[in-house]
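Residues per chain are reported as follows:
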Amino acid sequence: MRAFCAAVTSLFLLFFFASSVMPVVEEYTPPPMTEGMFPCSNCHATMEVNRKKRVLKEEHTDIKLHHAETMRWCLDCHDAKNRDKLRLYNGDLIDFTESYRLCGECHGPQYKDWKAGIHGKRAGYFSGQGKRVYYLCAHCHDPHGPRFKPLKPEPPPIKPKDS
Amino acid sequence: MQNKRYTRREFLRNASLTALGGLTIPLFSSCTKEEAEDFLQRHFREMTPEEKRQVIAKLEQRYLQKYGRKFQISTQEAVPDTFWAYGLELSRCIGCRRCVYACVKENNHSRHDPQLHWIRVLRLKRGNLINLENSEHYYDPDLVPEKGFIYLPVQCQQCQEPPCVKVCPVHATWQEPDGIVVVDYNWCIGCRYCIAACPYKGRVFNWAEPNIPKEEINPSVHYLGNRPRMKCAVEKCTFCIQRVRQGRYPACVEVCPTGTRKFGNLLDPNSEMRYIIDRKRVFRLKEDLGTEPKFYYFFEA
């Protein structure tokens, strides 16, 4: 009986400790992808790797790289052998859902702020049972041309009449 | 002698009661029962839970008739251990006014005649510091952001020492325990002292009966927040009281395309607002007035 009690207590303590230490699981909104594109290996698995900088004429014609393009090309971020993954500097492969780790390698301060919810945007619920909506870097910044495009503003308020 | 005085006093009392009655009866006979009930409705903070239920039922019935939708009117009280604050990053705002119209929709504003906005986006010349006198809020270019300008959205700053609350002669506006300044629209007499007292132009007035398209109505409302207002009531930003008390971000935060707007609980050390105040360069508008706003503007170096 005593041993049973001790076992129960230790189990309970373990659970309590684990739940207080375990980080909150954060879910991010799935990355924005052109429909029908993913998985990339559908096409790339059988294609030859071409590392040359060139204008893309057959596929991905919408991509115009404006992201430090003088010192970068596709395979600096996309992995050459497994096109369904992104590649960190140290060679680790990550999923597209974790792309923020790749962005964070250069943009440290923004990455730090983003993890705290300051850079970037959060929506939905911030407490209670409701759904948290956390956006990835790529939801606001196109990774191939990250600068914000100018927007058309909503109409100004109506001026009060002079009469 | 004593007998005579007694009768005189009695006479006066009877006479004044008759006069009062004579004045009141035509007053109440000229208005419907509903209007008389509204007139006699108590201040929100003095209502018993039963009275609140009756008022909510009456309002739901009235909104159903007027807008053809079933409303959910909440009277949810402040959540314990919450004290809300707002953050806005000036270096990221592009002045697109998405927040203005998201607020209009969420909070059931009158769309035209009168057109009421709780958020005013000011455009300032870059490099002039915050000189509000030279600001412009009717700007209308084809594309924003414009070169050489910065944008400064202003709404109710939810002051800790709110001048609007101090001047209200009938206590129709007050600060809730979670720091939000609210208005009991039914208690408001429309004197507009609060509008004159507010240094941020945070309050607006219903000069006429509000115009809200039936199909655009938001039926999920709070009694002290976004329920449809009436003519002669003053209204203001409530940090979307109907959302934040359920743990949901305000509408302007959700809609902002650049993530300029931040919201959080000052009593929670892990909240976004605490992070901003600890690590960023923050300032508040017109701090010298001593209004202690809970609306923090900040910017990157």
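Note that the structure is a prediction, hence the values are computed from the model and not measured.

*Asks:* Would you take a moment to explain the overall build of chain A for this structure?
*Replies:* The secondary structure content of chain A amounts to five helices and four strands. Along chain A, helices (α) and strands (β) appear in the sequence α-α-β-β-α-α-β-β-α when read from the amino end. Looking at chain A as a whole, 10% of its 163 residues are labelled buried. The long-range share in chain A, meaning contacts at least 24 apart out of those at least 6 apart in sequence, stands at 48%.

*Asks:* In this structure, what is going on with the overall build of chain B? I would like to understand it.
*Replies:* Within chain B, the secondary structure is distributed over nine helices and twelve strands. Here the C-alpha coordinates of chain B stretch approximately 85 × 50 × 40 Å along the principal axes. For chain B, buried positions account for 37% of its 301 residues. Intrachain contacts of chain B at a sequence separation of at least 6 include 64% that bridge at least 24 residues.

*Asks:* What should I look at first to understand the confidence of the model for chain A in this one?
*Replies:* Residues and elements named next belong to chain A. Here chain A averages 84 in pLDDT, and 82% of its residues register 70 or above. Least confident of the elements in chain A is helix α1 (residues 2-21), whose mean pLDDT is 52; most confident is strand β2 (residues 93-94), at 95. Here residues 13-25 is a poorly scored stretch, pLDDT under 50, and it has zero contacts once near neighbours within four places are set aside; other chains count.

*Asks:* Looking at this structure, I do not really get unusual backbone geometry. What am I missing?
*Replies:* Where the residue is not glycine, phi is negative for most of them; where a peptide bond is considered, it is trans in most cases. In this structure, the amide linkage connecting A:Phe38 to the following residue, A:Pro39, adopts the cis form with an omega of 0°. Residue placement: A:Pro39 occurs in the loop between α1 and α2 (41-44). B:Val144 connects to B:Pro145 through a cis peptide bond whose omega is 0°. Residue placement: B:Pro145 occurs in the loop between β3 (120-125) and β4 (149-154). Phi is positive for A:Ala68, which is not a glycine, with a value near 50°. By secondary structure assignment, the location of A:Ala68 is in the loop between α2 and β1 (86-87). A:Ala68 gets classed as exposed once you count the C-beta atoms within 10 Å, which come to 10. The phi dihedral of B:Lys286 is positive, around 50°, even though this residue is not glycine. Checked against the element boundaries, B:Lys286 lands in the loop between β11 (281-283) and β12 (295-299).

*Asks:* Where do I start with the environment of B:Arg45 in this structure?
*Replies:* All names here are of chain B. Here Arg45 lies in the loop between α2 (33-40) and α3 (49-67). Taking the number of C-beta atoms within 10 Å as the measure of exposure, Arg45 has 10 and is therefore exposed. Taking the C-alpha atoms as reference points, Arg45 and Trp174, separated by 129 residues in sequence, lie 9.9 Å from one another.

Rules of the game
The written sequence of each chain sets the order in which its residues are numbered from 1. Each chain takes a letter, starting from A, and each ligand takes a number, starting from 1, following the order in which they are written. Per-residue local features are limited, in this predicted model, to residues with pLDDT of at least 70; the limit for side-chain atom pairs, both in listing and counting, is 80 or more; totals at the level of whole chains, interfaces and linings are taken over all residues. Elements are defined by DSSP. Helices are runs of H or I of four residues or more, strands are runs of E of two residues or more, and each kind is numbered from the N terminus. The exposure scheme places C-beta atoms from the backbone and then counts, for each residue, the other C-beta atoms within 10 Å of its own, assigning buried at 20 or more, exposed at 12 or fewer, and partly exposed in between. Whether two residues are in contact depends on their C-beta atoms, placed from the backbone: they are in contact if these lie within 7 Å. As a per-residue quantity, pLDDT reports the predictor's confidence and falls between 0 and 100.

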